[in-house]
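The lines below spell out each chain.
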Amino acid sequence: MTRTHILLIILLTFISSCARISSPTGGPQDKEPPILVSSNPKDGQTQYNQKTITLVFDEAITARSIENNLIITPSMAGNFKTKIKRNTIQLLFDSAWRENTTYSLNFGNSIEDLNEGNVPSNLFLSFATGETIDSLTISGTITNLYTGEPIKQALVSLYPSSDTLDITSGAALYLTKTDSAGNYRFQNLPTGNFLVYGVLDKNNNSKADTDKELYGFLKDTVKLTENISGQSFALQRLNIQPLSIKTNRHYGKYYDITFNKSITSYQLESTDLNELDHQLYASDKIRIYNTQNIFGDTTSLVLHANDSINSQLKQTIKVYFNKSDLTGDRFTQEILPTSPYITNKFELKVNFNKPINTYNPQKAILKKDSINTFLLPDSVLHWNDTKTEITWALNASQLIIPGEQIQAIFEPGAFISIESDTSTLIQKTYQVAKPQDSGLIEGTITTDAPNFIIQLLNNQNRVLRELYNVKTYSFNNLDAGNYQVRLIIDTNNNKSLDVGNILTRTNSEPIVFYTDPVSKSKMISVKKNWEIGDINISYTVNKTN
């Protein structure tokens, strides 16, 4: 190759690189969402009956699961197809709109710009097929009953009060979703009487599956003649399916009865045997034990069971046991409290996975040191109905002073199960913490409610302690960490929280969390040797307008 040829190649390469066009790099990131420039129909337009909705933006856009995220109210039959061309999106519907009806389209997060994924906020379009457009609104906030936190992306449904459907049985005509602060808003509504429901709709079927999803409702009918705000309520768990038996069968050495939901109580009646050993093995399962070693024969028993909505079940069960090579459950025990720190008045418990047949009190010991050893007193002992939990109500101040330790010891053989399992050594060391080694939370409750519960929760919303009808309360001997305090108004004085029942349209018992007036946080940070006071909660039952 000659020198002339080499120079010619270099020159052509240079010209080609200069002519090549490329996108600029760097520069500020686009953080601005697309802006809606025009639409057909226009927002608020009347007498619109075309089957196509067109939106034009100021930049190229794309759609994300618009078929699932677009909420059209009132809902309509049929489907639509989506066409996108740069900055324009068209929705092509295969069904006609209803006559003399106002429609609202809430696009949620379904549209975003092409490059950065910025989403236009509150993208909403309304129009009417008749001469007038409805303009009334209903708004409120949805929270989680158990945490007090707002719920985002909850589906809120509006049913005419005359409708035979509700959120457990079918989709509503009017739908919307909550924003990141749990707020919802229905727009362009007609006058009328409505029922309001909400659900965390995980499977997108537009109704509440009460065995799987959080849901809730407004107790009272909303009579809509003017704009109404403050229609707030909480979502909860309550399975309203009728109580039934899923399976009842022989399993290894046992016979198990499994329900479709948790039960609150049960009773077994048998005419064939004097006694059947059994327990609530799980919240939805009864386990029956073959302590008489009878195989092949069938035993008839009558089962009575209740659930949390007082759905009652009575059914005759045929129980049988077959010989099996499967080994039975390993015998396990758990001692409580699990924390090494106790209050002066505390309950010492041992839980078992099988009912206990024999207890030897001579092997249940409290040991302060080599000299001071005591037997656990029978006078403060309590067994549960199925003998799977034993409890002693103790006063630590009678045994030790703050800073001293005491050991709960259950020697091998202290407990023998109904399957002749022998317990191993069980022991746990406890102490009442010195003030400088622990924290304290205290405050007052101001309420006109005759009965209430004040609870201490950890940062995972697990209840650690609770007090009843104590207006000046104190939670002491606390480990360093984050806590919450909440008040439950115990309307029926059953010392537990009763959630709302959609079948009887009764509200949940009110729950009020302590919230810091400055930071608005529910968390209370505790350190060693800290006393945190003025954790005060107020609630008025008999509110006057």
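Our subject is the structure that appears above.
Numbers given for residues are sequential positions, taken from 1 along each chain in its written order. With pLDDT at 70 or above as the cut-off, local features in this predicted model cover only qualifying residues; side-chain atom pairs require 80 or more to be listed or tallied, and sums for whole chains, interfaces and linings still use all residues. The basis for the side-chain values is all heavy atoms of the structure; hydrogens and waters are excluded.

## As for the overall build of the protein chain
Line of reasoning, step 1. The way it works is that DSSP assigns letters per residue, a run of H or I at least four long becomes a helix, a run of E at least two long becomes a strand, and they are numbered from the N terminus. Within the protein chain, the secondary structure is distributed over two helices and 43 strands.
Line of reasoning, step 2. Here the C-alpha atoms of the protein chain give a radius of gyration of 33 Å, more than 25% beyond the 24 Å that 2.2 N^0.38 yields for 545 residues.
Line of reasoning, step 3. Overall size of the protein chain, expressed as C-alpha extent along the three principal axes, is 100 × 80 × 65 Å.
Line of reasoning, step 4. Put simply, the protein chain has 545 residues, and 41% of those count as buried.
Line of reasoning, step 5. Intrachain contacts of the protein chain at a sequence separation of at least 6 include 65% that bridge at least 24 residues. As defined in this context, the radius of gyration uses C-alpha atoms, and a globule is described by 2.2 Å times the residue total to the power 0.38. A 1.4 Å probe rolled over the protein chains alone gives each residue an accessible area, and that area as a share of the maximum for its type sets the label: buried under 20%, exposed over 50%, partly exposed in between. It only takes one pair of heavy atoms within 4.5 Å for two residues to be counted as in contact.

## Points about the sheet that holds strand S22 (residues 285–289)
Line of reasoning, step 1. Ordered in space as S18-S19-S22-S21, the four strands form an open sheet in which the pairing is antiparallel. The outermost strands of the open sheet, each flanked by one partner alone, are strand S18 (245–251) and strand S21 (277–282). If you compare each strand with its neighbour and ignore which way they point, the axes differ by 20° on average.
Line of reasoning, step 2. Two strands qualify as a pair provided that DSSP identifies no fewer than 2 bridges between them. As paired strands, S21 and S22 are joined by five bridges and run antiparallel to one another. Each residue of the ladder has a partner; that of His278, found in S22, is Ile288. Interaxial angles span 0 to 180 degrees and are taken between N-to-C directions of axes, which are lines fitted to C-alpha atoms, for helices over the stretch in contact.

## Thoughts on the sheet that holds strand S30 (residues 381–383)
Line of reasoning, step 1. Reading across the sheet, the four strands line up as S25-S26-S31-S30 and stay open at both edges, with antiparallel pairing between neighbours. One side of each edge strand has no neighbouring strand; the edge strands of this open sheet are strand S25 (333–336) and S30. When the angles between neighbouring strand axes are averaged without regard to direction, this sheet yields 15°.
Line of reasoning, step 2. As paired strands, S25 and strand S26 (residues 345–352) are joined by four bridges and run antiparallel to one another. By the bridge assignment, Glu334 is partnered in S26 with Asn351.

## So, the packing of aromatic side chains
Each aromatic ring pair is characterised by the separation of its centres together with the angle its planes make.
Line of reasoning, step 1. What counts as a ring pair is set by centres within 6.5 Å for rings of Phe, Tyr and Trp (its six-membered ring), and what kind of pair is set by the plane angle: stacked under 30 degrees, edge-to-face over 60, tilted for all other angles. For the structure shown, the criterion picks out 22 aromatic pairs.
Line of reasoning, step 2. A ring pair is formed by Tyr159 and Tyr197, whose centres lie 5.3 Å apart and whose planes are at 85°; its orientation type is edge-to-face. Of the two residues, Tyr159 sits in strand S11 (residues 155–160) while Tyr197 sits in strand S14 (residues 192–199), which places them 38 residues apart along the sequence. Accessibility classification places Tyr159 together with Tyr197 in one group, the buried group.
Line of reasoning, step 3. Seen in terms of ring centroids, Tyr184 and Phe186 are 5.9 Å apart; in terms of plane orientation they differ by 70°. Their pairing is edge-to-face. With respect to burial, Tyr184 and Phe186 carry one shared label: buried.

## Digging into the pairing of strand S2 (residues 52–57)
Line of reasoning, step 1. Both strand S1 (residues 36–40) and S2 contribute to a ladder of four bridges, which runs antiparallel. Residue pairing for S2: Asn40 is matched across the bridge by Thr54.
Line of reasoning, step 2. Relative to strand S6 (residues 88–93), S2 runs antiparallel, the two sharing five bridges. Paired with Ile53 across the two strands is Leu91, which belongs to S6.

## Here we look at the nonpolar core
Line of reasoning, step 1. Residues belong to a common nonpolar core when they are buried Ala, Val, Leu, Ile, Met, Phe, Trp, Tyr or Cys residues joined through side-chain atoms within 4.5 Å. Residues Ile138, Ile142, Leu158, Tyr184, Phe186, Leu189 and Val196 are the most contacted members of the largest nonpolar core, which totals 43 residues.
Line of reasoning, step 2. No other element matches S14, which puts five residues into this core.
Line of reasoning, step 3. When residues no more than four places from it in sequence are discounted, the contact partners of Ile142 are Glu149, Pro150, Ile151, Ala154, Val156, Thr178, Gly182, Tyr184, Phe233 and Leu235.
Line of reasoning, step 4. Among the nonpolar cores identified, the runner-up in size contains 26 residues, and Phe352, Ile406, Phe415 and Tyr430 belong to it.

## A short note on the pattern of salt bridges
Line of reasoning, step 1. Salt bridge, as used here, is a side-chain nitrogen of Lys or Arg placed within 4 Å of a carboxyl oxygen of Asp or Glu. Following the criterion strictly, the structure yields 10 salt bridges and no others.
Line of reasoning, step 2. In this structure, Glu419 and Lys253 form a salt bridge, with 3.8 Å as the shortest nitrogen-oxygen distance. Here the residue Glu419 occupies a position in the loop between strand S33 (415–417) and strand S34 (426–431), and Lys253 occupies one in the loop between S18 and strand S19 (254–259), the gap between them amounting to 166 residues.
Line of reasoning, step 3. With relative accessibility at 40%, the residue Lys253 sits in the partly exposed group.
Line of reasoning, step 4. The residue Asp256 makes a salt bridge to Arg287 at a minimum N-O spacing of 2.8 Å. A residue pair is termed long-range when its members are at least 10 positions apart, and Asp256 in strand S19 and Arg287 in strand S22 qualify at 31 residues. Accessibility classification places Asp256 together with Arg287 in one group, the buried group.
Line of reasoning, step 5. Residues joined by salt bridges that share partners form a network here, namely Lys253, Lys354, Glu419 and Asp421.

## Brief notes about the side chain of Asn118
Line of reasoning, step 1. Mapped onto the fold, Asn118 is located in the loop between strand S8 (111–113) and strand S9 (124–128).
Line of reasoning, step 2. By relative accessible area, which is 15% here, Asn118 ends up buried.
Line of reasoning, step 3. A distance of 3.3 Å separates the side chain of Asn118 from the backbone oxygen of Glu32, its partner in a polar contact. Under this definition, polar contacts are N or O atom pairs within 3.5 Å; protein pairs additionally need one hydrogen-donor-capable and one acceptor-capable atom, and for neighbouring residues in sequence, both atoms have to be side-chain atoms.

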